[in-house]
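# Understanding the architecture of this molecule
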Amino acid sequence: MKTLNDFNFKDKKALVRVDFNVPLDDENNVTDDTRIAAAKPTIIKILEDGGSCILMSHLGRPKGVQEEFSLQHILKDVENLIGVEAIFVSDCVGEAAKTAADNLEPGQILLLENLRFYNEEEAGDKDFAEKLSKLGDIYVNDAFGTAHRAHASTAVIADFFPEKKCFGYLLEQEIESIKKVMETGEKPVLAILGGAKVSSKITIIENILDKVDHLIIGGGMTFTFVKAQGGSIGDSICEDDKMELALEILKKAKEKNVKIHIPVDVVAADAFSNDANTQIVNVKEIPDGWQGLDAGPETIKIFHEVVLQCKTILWNGPLGVFEMENFAKGTIELGNSIAEATKKGAFSLVGGGDSVAAVKQFGFEDKVSYVSTGGGAMLESLEGKTLPGIAAILE
Ligand code: AMP
């Protein structure tokens, strides 16, 4: 696996695929610069070697050229975070981009315009990838957020750098973190899968049963499992067509000696609303007209004990409707348990969509070992897939 440290960038132009797909407000201000900050170590290493950086990224989902998706909006943030003045060029290929890249001096940064202003990017077009490849000497992929896409700048381009391609520090860290959970992690290994639906997590569950000792299933998924086993779930969300599958998962887990933990009690509400009336009920005895929206106190206690006996912990998906204050407790308490286990030496990885949002919202970011920067990419990794952006560097 080739990484940044395998190269000296002195007098080299590094063509770095970053994931600067950051959220912007109505006035085009960056509202969360995590992804820019995450690319900083890679950029600094290249500059400190005496090289220069040509940064390429997508932003949003533009249809052709749309000013609101211009990377110019994030230029100031890049400069502030990296601490170096950056040059912006209003195209990512063509004359202007080539000239700007050719004129780049060691120590300088060039930010290219949004790759997705060209349909060729997402189409994985070879000619477009070749044009991009002409801008730099060494290709560095540091964009985990798009590593599951076989786009021109994330995968196809690597063919034009047979010997001169590598992972950036961020991507390397993401790969190592997933490996720690899926392959090399100290036992007992625990996966916590929450969130809304079984259907969106099923491939992960199937893949992960071979890797873990404990599996906590929480959130909306709970009720498909409970109903499948004959429980009354009231008006809780449930995928009836997945009940058969849920039973199969339980059976497989038993065969593989994986201990599955499902909530035993829930906070039930008489409406899907923060102002709803609530009561704590047994998960198998939820009255009609009521729905389980968070883990109950007994469940929180049991999950706490499971978490604290594990040495490697993966967390994906909230335990309840954490967006509503009255149903956030299960998710917050789980975060506390994971933080405590981490403090005692466990390795904890949080990744994939809403759990990252929850971790940030409740301030657990610095209390877990690693928070992944990729949503879809993380989920596909957990499904056991080889991501095109990673495969392209390894080939
Ligand atoms: P996912 O994207 O699959 O990880 O699902 C995250 C969503 O699941 C969040 O928006 C939560 O509000 C939702 N969720 C968690 N628990 C429940 C529940 N008991 N009932 C309905 N939605 C839930």
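What comes next is a walk through the structure. Note that the coordinates shown come from a computational prediction; the quantities given were computed from them, not determined experimentally.

Rules and cut-offs
Along each chain, residues carry numbers from 1 onward, in the same order as the chain's sequence is written. The model is predicted, so local features are restricted to residues of pLDDT at least 70 and side-chain atom pairs to those at 80 or more, both for listing and for counting; the totals for chains, interfaces and linings are taken over all residues. As a convention, hydrogens and water are excluded, and side-chain values are obtained from all of the structure's heavy atoms. Working definition of a nonpolar core: buried Ala, Val, Leu, Ile, Met, Phe, Trp, Tyr and Cys residues. They are joined through side-chain atoms within 4.5 Å. Summary of the burial criterion: residues with accessible area below 20% of their type's maximum are buried, those above 50% are exposed, and those between are partly exposed, where the area comes from a 1.4 Å probe applied to protein chains only. Each helix is a run of H or I in the DSSP string that is no shorter than four residues. Each strand is a run of E no shorter than two, and both are numbered from the N terminus. Domain boundaries shown here were taken from an automatic or database domain assignment. We call two residues contacting when some pair of their heavy atoms lies within 4.5 Å. We call Phe, Tyr and Trp rings a pair once their centres come within 6.5 Å, taking the six-membered ring for Trp, and we label the pair stacked below 30 degrees between planes, edge-to-face above 60, and tilted otherwise. When DSSP finds at least two bridges between two strands, those strands are taken to pair. A fitted line through C-alpha atoms serves as each axis, taken over the contacting stretch for helices, and the angle formed by two N-to-C directions is quoted from 0 to 180°.

### Digging into the nonpolar core
One finds Leu-112 and Leu-215 to be the most contacted residues of the largest nonpolar core, which totals 76 residues. The leading source of residues in this core is helix α7 (residues 169–184), at 6 residues. Both of domain 1 (4–171) and domain 2 (185–382) provide at least three residues apiece to this core. In this view, Leu-112 contacts Ile-54, Leu-55, Met-56, Leu-71, Phe-88, Val-89, Asp-91, Cys-92, Ala-97 and Leu-135; residues no more than four positions away in its chain are not counted. With 29 residues, the next largest nonpolar core counts Val-18, Phe-20, Ala-39 and Leu-59 among its residues.

### Examining the packing of aromatic side chains
All told, the structure shown has 4 aromatic pairs when counted by the stated rule. Pairing Tyr-118 with Phe-128 gives two aromatic rings, centres 5.3 Å apart and planes at 35°, and the pair type is tilted. Of this pair, Tyr-118 sits in the loop between β4 (109–112) and α5 (119–123) while Phe-128 is found in helix α6 (residues 126–133), placing the two residues 10 residues apart along the sequence. Of the residues examined, Phe-128 reaches a relative accessible area of 3% and is grouped as buried. Ring geometry for Phe-322 versus Phe-362: centroids 6.2 Å apart, planes at 75°, classification edge-to-face.

### Considering the sheet that holds strand β6 (residues 165–167)
The strands making up a sheet associate through backbone hydrogen bonding, with each pair oriented either parallel or antiparallel. With respect to topology, 6 strands assemble into an open sheet ordered β3-β4-β2-β1-β5-β6, the strand pairing being parallel. Either end of the sheet is taken by a strand with one partner, and the two such strands are β3 (86–89) and β6. Each adjacent strand pair in this sheet contributes to an overall mean axis angle of 25°, direction not counted. In this sheet, β4 lies alongside strand β2 (residues 52–56) in parallel orientation, the contact comprising 3 bridges. Residue Cys-53 lies in a different strand from β4, and its bridge partner there is Ile-109. Packing against the sheet, helix α2 (residues 40–49) makes contact with β1 (13–17), β2, β4 and β5 (138–141), and its axis sits at approximately 150° to β2.

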